[in-house]
Amino acid sequence: MDAASTVRDDFRPLIEALLAGDHAAALAETRRLSQIGLSAETIVTAGLEIAMQQLDDKCTVESFNLLEIMLVGRAVSAVVRELYPEGVPPDKSRGTLIVATLEGDVHDLGKNIVKMVLIGKGYRVIDLGRDCPVDTVVAAAEREAASGVLISGLISTIVPQVRRVRAALRAHGLDAVWVVAGGAALKQLVATDLDVDCVAENAFDGARYIEQRFGETKP
Amino acid sequence: MNGLERILAAVHFTAADLPPAAPQLFGHAAHLCGVRLCDYGQNGALMADCQLRAKAHYRSDAVFAFMDFCMESESIGSRLRFYEAQYPEITSYVLPATADASHLHLPDPTSDGRLPELLRGIERLRSTLGDTALVAGSLLGPMTLATQLYGIETALFMAADDPDRFEIALDFATECAIRYGQAQIVAGAHLPVVFDPAASPAVVPPAFFRELLLPRLKRLFAALRQAGAIANWLNIAGPTATILPWYPEAGADIATFDYYVSPEQAARLLPQTCLVGNIKPLDFLDANPERISGAARQLFSAFRERGGFILSSGCEIPPESAPANIAALIAVRDEG
């Protein structure tokens, strides 16, 4: 997709501020757009989602780096908090997703990055934190009617836990919930190794898979 | 030839009886010996004993005095939680987000935290092995230690929002690394491997590496060489192709390359540097010796003409890996 061709002129300053990781400027621009009467939904779709698409286009395996992504993520989070102080309501989102780092893994930076990317793309994200039992993931997926679960794993000892997720979801009748794995350790394996639907190379890769699956389910 | 001689031959691009193999076996040595990682990481003598037993078992050309990535930060004041089967985590960082590193005390490797334990382990490894195998110490590079003073998210935001304060942290981390590395060489390490995972292009852009990290790595490696390191070894994981060309300027004689970088690409980018790599670490997890043998043969084939190569993984082999996989790697080395 050529994201640049779909940019509205009045959203350029917001998009530029987001891509520069300038959270103060992004926040100021969001307030300006709200004051001239644009809805939160419009600001998300014409601002945040376009910025995230442009970042996605730029972020290849070679050029993806945490520093730049975190700066954009901080700006995106500030804008979303401004637009939805109580959190994104389900009916305003593109779908609900669960993110977690599983029990035994206390590293949550990767999970935080994927959460930011998904929020920026307009999804409602339930963050279960780190060191999270598989049963908690399943319960949250059921309670929140989530479409997908995204698991980040930095260390190899987490592999057996990841392999349990699909079966645990099935045991609760949640066969249709997509499971995506990513992170430094998990991405060295393939989906069949982990019994997941997708192993993502990075946060954008995981988000692309989710978008593709949502695209398939649209009437 | 013994292990050290093989490794030196690779560093100097000269002939050897066999190509050297130095799989990155750290916590796996504990796993192999039935020792808990929390014990392995807190007792230098035990660490050395496990390394020696792993070396005897696999017949690799190097041992690694490595406990975990939190040692330096702990010695400065961070608090850790230890686990039985995985490396410790930092539960409380020594510096709050608003502080700068200028008032921190430089840790004394002979007395602070577990640094003396690692030195004891090095002494034991060297006194046992002498010059028959490479005795490699380990220390954190400036970027990784700087992030471990604050936590990586706080540190990265600081690098963008308050670069002067972040550079103070980098300078402090560099001085820590120099002092700790010198102490390891005095204790008997042939060299300390400099691990700097946070310097990877997966974390910071190449320009950040060039402007902020390269000068400090130069300072560190110059100091290590002056202290008697037989060579300088830089180990940064991930997609490092964009920063590899700067390694010689940094002073690195040995460069680990991860599975993201092909052998051909690494050889092209670093024509005169000894390369170490690059089997995918998680391929060692489930027993599949044939897969490891195949990957090792491909690597030897890629470097047969060039030389200057040490067979290994691209990053640490997971502690809980299947021993048959590591044995398969050494067996391919033995084929010559």
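Residues numbered from 1 in each chain as written. Chains lettered and ligands numbered in written order. Predicted model: local features only at pLDDT ≥ 70, side-chain atom pairs only at ≥ 80, totals over all residues.

Caption draft 1: Region of the structure containing the overall build of chain B. Looking only at helices and strands, chain B features 14 helices and nine strands. For a compact globule of 336 residues, the expected C-alpha radius of gyration is about 20 Å, and chain B comes in at 19 Å, within 12% of that figure. Referenced to the eigenvectors of the C-alpha coordinate spread, the extents of chain B come out at roughly 55 × 40 × 35 Å. Counting only residues that meet the buried cut, chain B has 60% of its 336 residues in that class. Within chain B, contacts between residues separated by at least 24 positions form 72% of all contacts whose residues are at least 6 apart in sequence. (Helix = DSSP H or I, 4+ residues; strand = E, 2+ residues; numbered from the N terminus. Rg over C-alpha atoms; globule rule 2.2 N^0.38 Å. Buried ≥ 20, exposed ≤ 12 C-beta atoms within 10 Å, placed from the backbone. Contact = placed C-beta atoms within 7 Å.)

Caption draft 2: Inspection of the sheet that holds strand E1 (residues 96–100) of chain A at higher detail. All names here are of chain A. Pairing is parallel across the open sheet formed by five strands, whose spatial order is E2-E1-E3-E4-E5. What marks the edges here is a single partner per strand, and that holds for strand E2 (124–127) and strand E5 (198–199). Lying on the sheet, helix H5 (residues 109–120) is in contact with E1, E2, strand E3 (148–152) and strand E4 (178–182); it crosses E1 at an angle near 165°. (Pairing = 2+ DSSP bridges. Axes fitted to C-alpha atoms, helices over the stretch in contact; angles between N-to-C directions.)

Caption draft 3: Quick look at the domain arrangement of chain A. Residue and element names in this part refer to chain A. Examined at the domain level, chain A breaks down into domain 1 (3–83) and domain 2 (90–217). Domain 1 and domain 2 are separated by 24 Å when their C-alpha centres are compared. With 17 residues of domain 1 at the contact, the number on the domain 2 side is eleven residues. Of all the secondary-structure elements, those providing two or more residues to the side of domain 1 that touches domain 2 are helix H3 (40–58) and helix H4 (66–83). The biggest single contributor to the side of domain 1 that touches domain 2 is H3, with eight residues. Among the residues making up the side of domain 1 that touches domain 2, the classes are represented as eleven nonpolar, three polar and three charged. (Domains from an automatic or database assignment. Nonpolar A, V, L, I, M, F, W, Y, C, P; charged D, E, K, R; others polar.)

Caption draft 4: Up close: the sheet that holds strand E8 (residues 274–279) of chain B. All names here are of chain B. In spatial order, the strands read E1-E4-E5-E6-E7-E8-E9; together these seven strands make up an open sheet with parallel pairing. Edge positions in the sheet fall to strand E1 (62–64) and strand E9 (309–313), since each of these pairs with one other strand and no more. If you compare each strand with its neighbour and ignore which way they point, the axes differ by 25° on average. Two strands pair when backbone bridges link them, and E8 and E9 are joined in this way by five bridges, in the parallel orientation.

Caption draft 5: Looking closely at the nonpolar core. In this structure, Leu-18, Ile-98, Val-137, Val-149 and Val-162 of chain A together with Ala-136 and Ala-255 of chain B are the most contacted members of the largest nonpolar core, which totals 196 residues. In terms of residues, this core owes the most to one element, helix H9 (residues 163–187) of chain B, which gives twelve residues. Structurally, this core is a two-domain feature, drawing no fewer than three residues from each of domain 1 (3–83) and domain 2 (90–217) of chain A. (Core = buried A, V, L, I, M, F, W, Y, C linked by C-beta atoms within 7 Å.)

Caption draft 6: Just the pairing of strand E5 (residues 191–195) of chain B, in detail. All names here are of chain B. The buried fraction of E5 amounts to five of the five residues, a majority that puts the element mostly inside the structure. Burial along E5 is two-sided: the face carrying Leu-191, Val-193 and Phe-195 and the face carrying Pro-192 and Val-194 are both buried. Pairing of strand E4 (residues 134–140) with E5, which is carried by five bridges, proceeds in the parallel orientation. Paired with Leu-139 across the strands is Val-194, a residue of E5. Direction of pairing for E5 relative to strand E6 (residues 233–235): parallel, over a ladder of three bridges. By the bridge assignment, Phe-195 is partnered in E6 with Asn-235. With helix H10 (residues 206–227) bridging E5 and the parallel E6, this β-α-β connection has right-handed handedness. (Right-handed = clockwise from strand over helix to strand, strands pointing away.)

Caption draft 7: Expanded view of the interface of chain B and chain A. Taken together, the contact between chain B and chain A spans 24 residues of the former and 19 residues of the latter. Per element, the largest residue contribution to the side of chain B that touches chain A is six residues, and it comes from helix H8 (residues 152–161) of chain B. Tallied by class, the residues present in the side of chain B that touches chain A amount to 18 nonpolar, two polar and four charged.

Caption draft 8: Highlighting the confidence of the model for chain B. In this model, chain B carries a mean pLDDT of 97, and residues with pLDDT of at least 70 account for 100%. Interface confidence for the predicted complex, given as ipTM, is 0.90, next to a pTM of 0.91. (pLDDT = per-residue confidence, 0-100.)

Caption draft 9: Looking closely at the packing of helix H13 (residues 289–303) of chain B against helix H14 (residues 323–334) of chain B. Residues and elements named next belong to chain B. In the contact formed by H13 and H14, the axes pass within 8 Å of each other and the chain directions differ by 30°. Classified by the angle their axes make, H13 and H14 are roughly parallel. As for how H13 packs across H14, the hand of that crossing is right-handed. Residues Pro-289, Ile-292, Ser-293, Ala-296, Arg-297 and Phe-300 of H13 form the contact with H14, whose participating residues are Ala-324, Asn-325, Ala-328, Leu-329 and Val-332. Partitioned by chemical class, the residues of the contact of H13 with H14 number eight nonpolar, two polar and one charged. (Parallel < 35°, antiparallel > 145°, perpendicular 65-115°, else oblique. Left-handed = near helix turned anticlockwise from the far one by under 90°.)

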